[in-house]
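# Structure assessment
One letter stands for each residue in the lines below.
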Amino acid sequence: RHCLQCTDYRHMKSVRLAHRQHPSWSTAMAVPAHFGRTSTRGTPRSAIVSTILLGLLVDVLSQCGHGHGGGGVTGVSAFTVTVFQPVSTTLTPKVADHMAALQVAVQAAAAAGSDMVVCPELYATGYTASAVLHAEPRHGPSYTAAQRFARESNISLLFTYAEEGSDGAKYDAAALFYRTGATLADYRKVNLAAGEAAFLTPGTAFAPVVVVDGVRVGVMICFDIFLPEPARLLALQKVDLLLVPTANGYPPSVYNQLTQLIVPTRGLENNAFVVYNNWYQVNSSFPEPFTFYGQSVVADPSGTLIYQAPGDRGILSHVFLNYSGHVTGSTALGRQAADVHGLCGNGTAANERHAAN
């Protein structure tokens, strides 16, 4: 097959490449048969093994002879991720409004020169008790609309939604679209949080790491980040960037521990950037009423937080990831207003750009 990355590099977007040495995960890692569950029902060994084998297969297939495939040895010098932290104050899913807001956010991110937009968990419906009532099959209306947004704005997009499987089961799902509209990865949340099993069915495997403009990207959802094993499985595939959409309404004491300790630790453990993207939402009802506090964060491979969103409003933030050397901090480069159909608070969102140098 033709090399998607080479096609894009030459004709669609100017990307400066830089060779860098990525750690080689050459040592064997023992993985228990069951992990990542508060109940006795664990992740099947077959899911773990298949994930690792798929990662090896991705490494083989990504060797196109143009120097950017095969294990993350060659990568981009920089990559910009847009954190879309929206606000929804309604308990009733408004899929059409959410998709309209997403289109505006994607357009704004592309205009700012970003490479990728990341949505929070269950974006299409919002994280509400009735989300599963609006579940749709893969390649359904919101899925294909998000694909179109990515293609029309020439930007990659991590989209999240409630998926209805062919057997009628409901899943907490994410789809990673490339800037051409091609689907790079589909993922169903494997590790459900407390209460979610009453509404959702857990997935059975993690999506393999995929290459997006030279960066090796892995996808998890919310509770997956609490556990070391999912990120480590992706690290075995030499992941550069972990995307973790969430809908986290834990009390501030617990949430702060997650954003200030667990997320940076996952970056340090696995030598990867981590984007942990939350809602800012009042009075959710899934599985019970609570508040989402925003405060989306981005951690770098040294375990340092290079960005944290505010906890009192929605925001659209462009975070610059420096892959050419060790990341030491962040610097705000400017602000501008962007209308995101009211989902980012009072009709507007702070459209921020941050750089990690």
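Residues numbered from 1 in each chain as written. Predicted model: local features only at pLDDT ≥ 70, side-chain atom pairs only at ≥ 80, totals over all residues. Heavy atoms only, no water.

### Examining the nonpolar core
The biggest cluster of nonpolar side chains holds 35 residues, and the ones touching the most others in it are Phe79, Leu176, Leu241, Leu243 and Leu321. If near-sequence neighbours (up to four positions away) are discounted, Leu321 is found in contact with Ser77, Ala78, Phe79, Val81, Leu241, Phe273, Val298 and Ile306. Formed by 32 residues, the second largest nonpolar core is a distinct cluster that contains Tyr123, Ala173, Ala247 and Trp279. (Core = buried A, V, L, I, M, F, W, Y, C linked by side-chain atoms within 4.5 Å. Buried < 20%, exposed > 50% of the residue type's maximum accessible area, 1.4 Å probe, protein only. Contact = heavy atoms within 4.5 Å.)

### Focus: the pattern of salt bridges
For the structure on display, the rule yields 11 salt bridges. The salt bridge involving Asp172 is made with Lys189; its shortest N-O contact spans 3.9 Å. Note that Asp172 is positioned in strand β6 (residues 170–177) and Lys189 in the loop between β7 (183–188) and β8 (210–212), a separation of 17 residues in sequence. Judged on exposure class, the residue Asp172 and its partner Lys189 are both buried. Between Asp312 and Arg313 there is a salt bridge whose closest N-O contact spans 3.1 Å. The structure contains a network of salt bridges with shared partners spanning Glu121, Asp172, Lys189 and Glu196. (Salt bridge = Lys/Arg side-chain N within 4 Å of Asp/Glu carboxyl O. Helix = DSSP H or I, 4+ residues; strand = E, 2+ residues; numbered from the N terminus.)

### With respect to the packing of helix α3 (residues 95–111) against helix α4 (residues 141–153)
Contact geometry of α3 with α4 gives a least axis separation of 9 Å together with a crossing angle of 20°. Taken together, the axes of α3 and α4 are roughly parallel relative to one another. For the crossing formed where α3 meets α4, the hand is right-handed. When α3 is examined against α4, the residues Val95, Met99, Leu102, Gln103, Val106, Gln107 and Ala110 are found in contact with a partner set consisting of Ser142, Ala145, Ala146, Arg148, Phe149, Glu152 and Ser153. Looking at the contact of α3 with α4, its residues break down into 8 nonpolar, 4 polar and 2 charged. (Axes fitted to C-alpha atoms, helices over the stretch in contact; angles between N-to-C directions. Parallel < 35°, antiparallel > 145°, perpendicular 65-115°, else oblique. Left-handed = near helix turned anticlockwise from the far one by under 90°. Nonpolar A, V, L, I, M, F, W, Y, C, P; charged D, E, K, R; others polar.)

### Let's talk about the sheet that holds strand β11 (residues 273–277)
Within a beta sheet, neighbouring strands are joined by backbone hydrogen bonds and run either parallel or antiparallel to one another. What the 6 strands build is an open sheet, ordered β8-β9-β10-β11-β14-β15; its pairing is mixed. Across the chains shown, the open sheet's two edge strands, defined by having one partner strand only, are β8 and β15 (305–308). On average, adjacent strands in this sheet sit at an angle of 25° to one another, irrespective of strand direction. Alignment of strand β10 (residues 241–245) against β11, held across 5 bridges, turns out to be parallel. Across the sheet, residue Leu243 finds its bridge partner in β11, namely Val275. Taken strand by strand, helix α6 (residues 252–270) contacts β11, β14 (297–299) and β15, and its axis lies near 155° from that of β11. (Pairing = 2+ DSSP bridges.)

### Here we look at the environment of Ala109
Within the secondary structure, Ala109 sits in helix α3. In this structure, the C-alpha to C-alpha distance between Ala109 and Leu316, residues 207 residues apart in sequence, is 8.1 Å.

### Thoughts on the packing of aromatic side chains
Here the structure, examined in full by the defined rule, presents 9 aromatic pairs. Ring centres of Tyr127 and Phe292 lie 5.7 Å apart, and the angle between their planes is 85°; on these two criteria the pair is classed as edge-to-face. Here the residue Tyr127 occupies a position in the loop between β4 (116–118) and α4, and Phe292 occupies one in strand β13 (residues 290–293), the gap between them amounting to 165 residues. Residue classification places Tyr127 among the buried residues on the basis of a relative accessible area of 4%. Since its relative accessible area comes to 0%, Phe292 is described here as buried. With a centroid separation of 5.7 Å and an interplanar angle of 80°, the aromatic rings of Tyr143 and Tyr161 are classed as edge-to-face. You can see Tyr143 sitting in helix α4 and its partner Tyr161 sitting in strand β5 (residues 156–164), a full 18 residues away along the chain. Tyr161 carries the same exposure label as Tyr143, and that label is buried. Against the face of Tyr178 rests Arg179, its NZ or CZ located 5.8 Å from the ring centre. We note Arg188 situated over the ring of Tyr171; from NZ or CZ to the ring centre the distance is 3.9 Å. (Phe/Tyr/Trp six-rings, centres within 6.5 Å; stacked < 30°, edge-to-face > 60°. Lys NZ or Arg CZ within 6 Å of the ring centre and 35° of its normal.)

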